[in-house]
Amino acid sequence: MSKIVVVTSGKGGVGKTTTSASFATGLALRGYKTVVIDFDVGLRNLDLIMGCERRVVYDLINVINDEIKLSQALIKDKQLDKLFILAASQTRDKDALKQEGVERVLEELKAMEFDYIICDSPAGIETGALMAMHFADEALVVTNPEVSSVRDSDRILGMLNSKTKRAIEGKEPIKEHLLITRYNPSRVEGGQMLSLEDIHEILRTPLIGVIPESEVVLQASNQGLPAIHMKGSEVAEAYADVVARFLGEDKPMRFIEAVKPGFFKRLFGSK
């Protein structure tokens, strides 16, 4: 049975699309047939991070408008047979997203026996974000360890509990997972970032993972690779842990403690 997962946040630039790409890739690496949909109509960044921008011929809006078949718009990932991408349109505006059309696309994807349908939401609370979350079964709420990002995520949690199909129909609520990105324990100790305890105190949402602050994310996106493919990096390992926890495995949280400098570094300092 297909499961729809929305990756969302209130604030832009927190690593939502990076997370959508790595999360979907991680599920496919585990053998699950997965599709990731870009709901950011007018901007479209998911295809860049997935390394398939030159292969985009048709997009989500083409499918919603019945201009082409869904199978024509789905792009198969070059590295993983079980991973597919459905790009957003760069030439339409967000009003082109119609609820009935989105529902029809999702039902077609379910009929194609996808295990997971990942919806990469635009930031904020406008049409694209509402459409991305409306039919979700579960949600990854992405936030940075800073006050404005956490506050905006709190608003998104409120919307997940009030404006989605499950909420409107009085069904079992969307299962929420909190993902903290760009976390730097040393900066937390220095009071420059909120701690995990601070964030939990505000959001009260189960933590599914912590992605460390790292230049690897930028390197990966510049190469057109989901960060989870950057083998040996802490970021790749952290995203793999997130996927494992999502699938019900018990994984201890990593990358949440500041690394203490060694004896010689303390003695001589760093140059």
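As a reminder, the structure under discussion sits directly above these lines.
Each chain carries its own residue numbering, running from 1 in the written order of its sequence. Local features in this predicted model are restricted to residues whose pLDDT is 70 or higher, and side-chain atom pairs enter the listing and the counts only when it is 80 or higher, whereas totals over whole chains, interfaces and linings include all residues. To obtain the side-chain values, all non-hydrogen atoms of the structure were included, while hydrogens and water were left out.

Undergrad: Help me understand the packing of helix 1 (residues 16-29) against helix 12 (residues 234-246), please; the structure alone is not making it clear to me.
TA: Two packed helices can be described by the angle between their axes and the distance between those axes. With their axes 9 Å apart at the nearest point, helix 1 and helix 12 run at an angle of 60° to one another. When the interaxial angle is binned, helix 1 and helix 12 end up oblique. Seen from above, helix 1 lies across helix 12 with right-handed handedness. Facing Thr18, Thr19, Ser22, Phe23, Gly26 and Leu27 of helix 1, the residues of helix 12 in contact are Tyr239, Val242, Val243 and Phe246. Per-class residue counts for the contact of helix 1 with helix 12 are 6 nonpolar, 4 polar and no charged. What counts as an axis is a line fitted to C-alpha atoms, over the stretch in contact for a helix, and the angles between N-to-C directions run from 0 to 180 degrees. Secondary structure elements follow DSSP: runs of H or I no shorter than four residues count as helices, runs of E no shorter than two count as strands, and numbering proceeds from the N terminus. For this classification, under 35 degrees means roughly parallel, over 145 means roughly antiparallel, 65 to 115 means roughly perpendicular, and everything else is oblique. Crossing handedness is defined as follows: a turn of the near helix away from the far one that is anticlockwise and smaller than a right angle gives a left-handed crossing, while the clockwise case is right-handed. It only takes one pair of heavy atoms within 4.5 Å for two residues to be counted as in contact. All amino acids are sorted into three groups, where Ala, Val, Leu, Ile, Met, Phe, Trp, Tyr, Cys and Pro are nonpolar, Asp, Glu, Lys and Arg are charged, and the leftover types, Gly among them, are polar.

Undergrad: What should I look at first to understand the packing of aromatic side chains in this one?
TA: Two descriptors summarise a pair of aromatic rings, namely the distance from one centre to the other and the angle between the planes of the rings. Side-chain rings of Phe, Tyr and Trp (the six-membered ring for Trp) are treated as a pair once their centres are within 6.5 Å; stacked means planes under 30 degrees apart, edge-to-face means over 60, and tilted covers the remaining angles. Applying the stated criterion across every chain, the model contains 4 aromatic pairs. Between the aromatic rings of Tyr32 and Tyr116, the centroid separation amounts to 5.4 Å while the plane-to-plane angle is 75°, which identifies the pairing as edge-to-face. Here the residue Tyr32 occupies a position in the loop between helix 1 and strand 2 (34-38), and Tyr116 occupies one in strand 5 (residues 116-120), the gap between them amounting to 84 residues. Relative accessible area decides the class of each residue, using a 1.4 Å probe on protein chains only: under 20% of the type maximum gives buried, over 50% gives exposed, and in between gives partly exposed. Assessed through its relative accessible area of 29%, Tyr32 is described here as partly exposed.

Undergrad: Looking at this model, I keep getting lost on the sheet that holds strand 2. Mind explaining?
TA: Pairing between the strands of a sheet comes from backbone hydrogen bonds, and it takes one of two forms, parallel or antiparallel. Ordered by their spatial adjacency, 8 strands build an open sheet running 3-4-2-5-1-6-7-8, and the pairing between neighbours is mixed. Edge positions in the sheet fall to strand 3 (75-76) and strand 8 (207-212), since each of these pairs with one other strand and no more. In short, DSSP must find at least two bridges between two strands for them to pair. Direction of pairing for strand 1 (residues 3-8) relative to strand 5: parallel, over a ladder of 5 bridges. Within the sheet, the bridge partner assigned to Val5 lies in strand 5 and is Ile118. Most of the contacts of helix 12 go to strand 8, to which it runs at about 170°, and overall it touches strand 1, strand 5, strand 6 (138-143), strand 7 (175-183) and strand 8.

Undergrad: Explanation requested: the side chain of Thr34 in the structure shown.
TA: The residue Thr34 is located in strand 2 in this model. Here the side chain of Thr34 touches Tyr32 through a polar contact of 3.0 Å, landing on its backbone oxygen. Whenever two N or O atoms come within 3.5 Å, that pair is a polar contact, provided that in protein one can donate a hydrogen and the other can accept it, and provided that, for residues adjacent in sequence, both atoms are side-chain atoms.

Undergrad: Please clarify how the pairing of strand 7 should be interpreted in this entry.
TA: On a regular strand, one side chain projects to one face of the sheet and the next to the other, so that they alternate. Strand 7 sits mainly inside the fold: 7 of its 9 residues count as buried. Here strand 6 runs beside strand 7; their pairing, made up of 6 bridges, is parallel. Bridge pairing links Thr143 to Ile180 in strand 7. Inspection of the sheet shows strand 7 paired to strand 8 by 4 bridges, in the parallel sense. Bridging from a neighbouring strand, Leu179 pairs with Gly209 of strand 8.

Undergrad: Teacher, can you tell me more about the environment of Asp241 here?
TA: Its place among the elements puts Asp241 in helix 12. In this structure Asp241 comes out as buried when scored by relative accessible area, which is 6%. Separated by 31 residues in sequence, Asp241 and Val210 have C-alpha atoms that sit 9.2 Å apart. Apart from the residues lying within four places of it in its own chain, the contact partners of Asp241 are Lys251, Pro252 and Arg254.

Undergrad: I would appreciate a short explanation of the pattern of salt bridges in the present structure.
TA: Pairs can form between side chains of opposite charge whenever their charged atoms are close. The salt bridge criterion pairs a side-chain nitrogen of Lys or Arg with a carboxyl oxygen of Asp or Glu, the two atoms within 4 Å. Counted by the stated rule, this structure contains 17 salt bridges. Here Arg44 makes a salt bridge to Asp47, at a shortest N to O gap of 3.5 Å. Each member of the pair Arg44 and Asp47 is classed as buried. Of the charged contacts in the structure, one is a salt bridge between Glu169 and Lys171, with a shortest N-O distance of 3.1 Å. Under the relative-accessibility criterion, Glu169 is labelled partly exposed at 41%. Residues joined in a network through salt bridges with shared partners are Glu237, Asp241, Arg245 and Arg254.

Undergrad: Honestly, the nonpolar core in this entry has me stumped. Any pointers?
TA: What tends to happen in soluble globular proteins is that the nonpolar side chains get buried as a cluster. Phe39, Leu86, Leu97, Leu106, Leu109, Ile117 and Leu160 are the most contacted members of the largest nonpolar core, which has 48 residues in total. Sort the elements by how many residues they give to this core and helix 7 (residues 147-160) lands first, with 5 residues. Not counting residues within four places of it along the chain, the set of residues in contact with Leu106 comprises Ile4, Ile37, Ile117, Cys119 and Phe135. Within the second largest apolar cluster, 39 residues are counted, among which are Val7, Met50, Cys52 and Leu80. Definition of nonpolar core: a set of buried residues of the types Ala, Val, Leu, Ile, Met, Phe, Trp, Tyr and Cys, connected through side-chain atoms within 4.5 Å.

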